[in-house]
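Below, each chain spelled out in residue letters.
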Amino acid sequence: MIMKPMRVGLAMTLLMTITVLTIVTAQQEDQQPPPLMLPVEEVGMCSRTFFSALVQLIPCRAAVAPFSPIPPTESCCSAVVTLGRPCLCLLANGPPLSGIDRSMALQLPQRCFANFPPCDVIN
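Residues numbered from 1 in each chain as written. Predicted model: local features only at pLDDT ≥ 70, side-chain atom pairs only at ≥ 80, totals over all residues. Heavy atoms only, no water.

Undergrad: Help me understand unusual backbone geometry in this model?
TA: Across residues other than glycine, the phi torsion is negative in most instances, and most of the peptide bonds are trans. Even without glycine at this site, Phe67 takes up a positive phi of about 65°. Here Phe67 lies in the loop between α3 (50-56) and α4 (74-92). On the basis of relative accessible area, Phe67 is assigned to the exposed category, the value being 82%. Even without being a glycine, Phe113 presents a positive backbone phi close to 55°. Relative to the elements of secondary structure, Phe113 occurs in the segment after α6 (108-111). (Helix = DSSP H or I, 4+ residues; strand = E, 2+ residues; numbered from the N terminus. Buried < 20%, exposed > 50% of the residue type's maximum accessible area, 1.4 Å probe, protein only.)

Structural data, given as structure tokens:
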């Protein structure tokens, strides 16, 4: 009798995992950003998914960690310029990310001397 509840719990966990993986894979294959309340012109110009844009900014991790005094590196600034404003705004308006100070991330274009205006953050 004890085995049945454990089997049901395991089955539910597996089903949820498969569902999440299917959604993530479909988003990556379709190159569709996650649904956000951004202006169409902002999302439409970013040719990357949320996750691929985030991976592109890995060199910036130290510069956007909470309370970090570390300035953005040359590779970080290069990634910021390469991604451009639409993809950065997509990330800025995405879900919160552990270990990233959103206000510091929003300052990256200015700190990297990128030639585009700051993102409008939608709460």
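Now that the structure has been shown, we can carry on.
Undergrad: Please clarify how the nonpolar core should be interpreted in this entry.
TA: In globular proteins that are soluble, nonpolar side chains generally tend to be buried together. Core analysis: the biggest nonpolar cluster contains 23 residues, and Leu57, Cys60, Val80, Leu83, Leu88 and Leu108 have the highest contact counts within it. If you list the elements that add at least two residues to this core, you get α3 and α4. Take this core: its biggest share by element is 11 residues, from α4. Setting aside residues up to four positions removed in sequence, Leu83 forms contacts with Arg48, Ala53, Gln56, Leu57 and Leu88. (Core = buried A, V, L, I, M, F, W, Y, C linked by side-chain atoms within 4.5 Å. Contact = heavy atoms within 4.5 Å.)

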